[in-house]
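Now for the letters of each chain:
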Amino acid sequence: MTPSLPQASHAHAWQGHASWCVAQAHLDLPAFLATWHAWTLDPQRPRHLHVLAHCHTAESVHAACRAAVADPMGLAQQVADQCWGLLPGMHRLRFAQGHVTLTLCIGDSPEFAELLRQHPTGPCMPPANLGPETDRTVTLIGSGISGAGTARALAERGWQVTVLDAGHAPAAGASGLPVGVIAPHTSHDDSAVSRLTRAGVRLMRHTLQTWLTEGTDWSPTGVLERRLPGKTRRGGVPLSWLNEHAEVAQDWTHKAPPPAPDDAYWHAKGAWLRPAQLVRALLDHPNIRWQGHAKPDALKHVTSHPDGTGIGDTTPNAASWQVLQAGTVLAEARRVVVAAGPGSAALVATATTDGSSPRINPLRGQISWGLMADFPKGTPWPATPVNGNGAFVHSVPTEDGPAWFVGSTYDRLQTEALLLDSDHADNFARLQALDPDTATTLAPLFATVGSDSPRVRGWAGVRCGVHDRLPMTGRVHNAPEGLYLNTAMGSRGLTLALLCGELLAAQWHGEPLPVEARLAKFLEAARFKPKAEQ
């Protein structure tokens, strides 16, 4: 007979709380499984269960998984399936559609002891300014990956979310690209960007597995990356990945074996996805209301209405935020999160005390694509997506049939999503360096660009970024309380946007952050404020 899990001791204490934390100074996997099991059975359970556990090595986690007793619900196997790539640092494993998390702190960083001290076993303690759940309303401006991910993270925590977008449908901007690739960044010093992208890839893969259809909306193919001459970042991996951490590092990235070129690396957890499908899935929640054709041009902080009350509240002087378009109120809520891509800075400037806003730069990109049906069966193609200076992906489902895609370009001068023949030429030149054999195959089609019957199609969109190429997530420092940013994803939106949305939600609710606190600081929206204000 398969033994059942023991009952957890928290089951009654957590009732009535929105989120609950369990701190383990040393990983106790049976206790985690028992707590998860009890959470599953309790109709009065908290929405979110966070378990933090310190582990000295990845091997100690694997040993705990091997020793775990099989259970009827298969919980132990679910944990074992996610225990890959446990390099030193924090790794958040997600279960039950993200409502149960096990955050493994691998190694001996002093930061882990501080994390356990800040989040002892008991209810997560939100900041005092959060307000009662009945008052939690928020307006999200923008429904790309960033806006949709943030909306979903907040809706799952009980917020009533209104999402405004200029388009006629979600993902009408840069997140409407037909296909994208996720892969971790690597560097010799395992930089903050490298660590953040690993956390982002882990979260994105969980989300794709949970909400999308594999093979149609996404595919866990892995990604081959070329480190081509002339790139600003040549990359590489830390020496420890070749020595003491070689086994777990293999789960993430390693030199690609022949016949791959010598400059190629293999990202085992890379994948392609269709971002618009993900955006629609994230917005499909009863607490989210989407409104299109909305083009807000101003934000207004309102301390009270003429009758002396704030929105949704009978308390005089209760503050709220109005989102305006040509003087008309589109939405009103306790908080606003601006995720409007290149338009974010202008909106924020209407609400700051000095009229300033962060410098967010537009970055236009164009993808070239066509149909697989243009080639005979048996035409050789790369086994997986190839990334580097642009990317190549093939056999992606579209309304017109399976398709190939190459790109994208990087245009810092053009701010409109125009289709340009010159960009098709740029994409073809990139492909010639990235995968010469595939470029030879596609050459006859690219030769038709500019003719009366072109056989290469295009898509263009405008992303945005800041000079350090990291997102801006968090409160706008020189505006009244309640205004936040989650934007400037640059070229890493598919990898980091969901992580940033989860980070913002965790900060609002006093939950354990999804990454180390020192890494979260690299994403702070206020990191560019004058030193005198820091």
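Parameters at a glance
- Residues numbered from 1 in each chain as written.
- Predicted model: local features only at pLDDT ≥ 70, side-chain atom pairs only at ≥ 80, totals over all residues.
- Heavy atoms only, no water.
- Helix = DSSP H or I, 4+ residues; strand = E, 2+ residues; numbered from the N terminus.
- Rg over C-alpha atoms; globule rule 2.2 N^0.38 Å.
- Buried < 20%, exposed > 50% of the residue type's maximum accessible area, 1.4 Å probe, protein only.
- Areas by Shrake-Rupley, 256 points an atom, 1.4 Å probe, with all protein chains shown as cover.
- Lys, Arg positive; Asp, Glu negative; His and termini not counted.
- Charge placed at Lys NZ, Arg CZ, Asp CG, Glu CD.
- Core = buried A, V, L, I, M, F, W, Y, C linked by side-chain atoms within 4.5 Å.
- Contact = heavy atoms within 4.5 Å.
- pLDDT = per-residue confidence, 0-100.
- Pairing = 2+ DSSP bridges.
- Polar contact = N/O pair within 3.5 Å; in protein donor to acceptor, adjacent residues only side chain to side chain.
- Salt bridge = Lys/Arg side-chain N within 4 Å of Asp/Glu carboxyl O.
- Expected span 1.5 Å × (residues − 1).
- Axes fitted to C-alpha atoms, helices over the stretch in contact; angles between N-to-C directions.

A. Representation of the overall build of the protein in the model. For the protein, the count of helices and strands is 13 helices and 25 strands. Against the compact-globule benchmark of 24 Å for 534 residues, the protein has a radius of gyration of 24 Å, which places it among compact chains. For the protein, the C-alpha atoms occupy an extent of roughly 65 × 65 × 45 Å along the three principal directions. By residue count, 56% of the 534 residues in the protein fall in the buried class. Element-wise, carbon and sulfur atoms account for 54% of the exposed surface of the protein, whose accessible area totals about 22600 Å². On the protein, the mean spot of the 43 positive side-chain charges and the mean spot of the 46 negative ones are 2 Å from each other.

B. Here's a closer look at the nonpolar core. Counting 52 residues, the largest nonpolar core has Val161 and Leu278 as its most contacted members. For this core, the secondary structure elements donating two or more residues are β6 (137–141), α5 (145–155), β7 (160–164), α6 (192–211), β13 (271–273), α8 (275–283), α12 (493–509) and α13 (517–520). By residue number, the principal contributor to this core is α12, which donates 11 residues. Among residues more than four places away in sequence, those in contact with Val161 are Val138, Leu140, Ala151, Leu154, Ala155, Asn287, Ile288 and Arg289. The next biggest cluster of nonpolar side chains, apart from the first, holds 37 residues, and it includes Val51, Phe95, Leu104 and Tyr265.

C. Spotlight on the confidence of the model for the protein. Overall, the prediction assigns the protein a mean pLDDT of 93, with 93% of residues at 70 or greater. A low-confidence stretch, residues 1–6 stays under pLDDT 50, and its non-local contacts, those more than four residues away or across chains, total 14 contacts. Residue range residues 310–317 is modelled with pLDDT below 50. Its contacts to residues more than four positions away, or to other chains, number 19 contacts.

D. A look at the sheet that holds strand β8 (residues 180–182). Pairing within the open sheet is antiparallel, and its three strands lie in the order β8-β13-β9. Every other strand in the sheet has two partners, leaving β8 and β9 (218–219) as the edge strands with one partner each. As judged from the two bridges shared by β9 and β13, these two strands associate in the antiparallel manner. Across the sheet, residue Ser219 finds its bridge partner in β13, namely Trp272.

E. Quick peek at the environment of Asp81. Note on placement: Asp81 falls in helix α3 (residues 75–82). Put simply, Asp81 and Leu93 are 12 residues apart on the chain and 9.9 Å apart in space, counted from C-alpha to C-alpha. Within polar-contact distance, the side chain of Asp81 engages the side chain of Gln77 at 2.7 Å.

F. Here's a closer look at the pattern of salt bridges. Applying the stated criterion across every chain yields a total of 21 salt bridges. A salt bridge links Arg47 to Glu133; the nearest nitrogen and oxygen atoms lie 2.4 Å apart. Residue Arg47 is found in the loop between α1 (29–41) and β2 (48–55), and its partner Glu133 is found in the loop between β5 (122–123) and β6; the two are separated by 86 residues along the sequence. Judged by its relative accessible area of 34%, Glu133 is partly exposed. Notably, a salt bridge pairs Arg518 with Glu111, separated by 3.1 Å at the nearest N-O pair. Of the two residues, Arg518 sits in helix α13 while Glu111 sits in helix α4 (residues 110–118), which places them 407 residues apart along the sequence. Each of Arg92, Arg94 and Glu502 takes part in salt bridges that share partners, so that together they form one network.

G. Structural detail: the environment of Ala351. For Ala351, the position within the fold is in the loop between α9 (344–349) and β19 (361–371). Classification of Ala351 as buried rests on a relative accessible area of 11%. Sequence spacing of Ala351 and Leu483 is 132 residues, and the spatial spacing of their C-alpha atoms is 8.4 Å. Leave out the neighbours within four places in its chain, and Ala351 touches Leu299, Trp321, Ala479, Pro480 and Leu483.

H. Layout of α12. With 17 residues, α12 should reach 24 Å at 1.5 Å per residue; the first-to-last C-alpha distance of 24 Å fits that figure. Across the 17 residues that make up α12, a large majority, 16, are buried. Directly beyond the C-terminal end of α12, a positive phi value near 70° is found at Gly510.

I. Looking closely at the environment of Asp217. With respect to the helices and strands, the residue Asp217 is situated in the loop between α6 and β9. On the basis of relative accessibility, which here comes to 11%, the residue Asp217 falls in the buried class. Counting along the chain gives 60 residues from Asp217 to Gln277, while the straight-line C-alpha distance between them is 6.6 Å.

J. A look at the sheet that holds β2. The five strands lie next to each other as β3-β4-β2-β1-β5, forming an open sheet whose pairing is mixed. Two strands close off the open sheet at either side, each with one partner strand: β3 (89–95) and β5. In the sheet, strand β1 (residues 19–24) pairs with β2 via six bridges, with the strands oriented parallel. Its bridge partner being in β2, Cys21 is matched across the sheet by His50. Along the sheet, α3 makes contact with β3 and β4 (100–106), crossing β3 at roughly 140°.

K. Examining the side chain of Glu156 more closely. With respect to the secondary-structure elements, Glu156 resides in the loop between α5 and β7. Taking relative accessible area as the criterion, Glu156 reaches 15% and is therefore assigned buried.

L. Looking closely at the side chain of Thr197. Along the polypeptide, Thr197 turns up in helix α6. Within the structure, Thr197 has its side chain in polar contact with the backbone nitrogen of His185 (distance 2.9 Å). Among all residues touching Thr197, those that are not within four sequence positions of it are Pro184, His185, Arg492, Thr495 and Leu496.

M. Structural context of unusual backbone geometry. Here the bond from Pro258 into Pro259 is cis, since omega is 15°, no more than 30 degrees from zero. Of note, the bond from Gly407 into Ser408 is cis; its omega dihedral lies within 30 degrees of zero at 15°. With respect to the element layout, Ser408 can be found in the loop between β22 (403–407) and α10 (421–434). Backbone geometry places Gln97, a non-glycine residue, at a positive phi of 55°. The topology assignment puts Gln97 in the loop between β3 and β4. Even without being glycine, Ser395 reaches a positive phi, approximately 65°. Residue placement: Ser395 occurs in strand β21 (residues 390–396).

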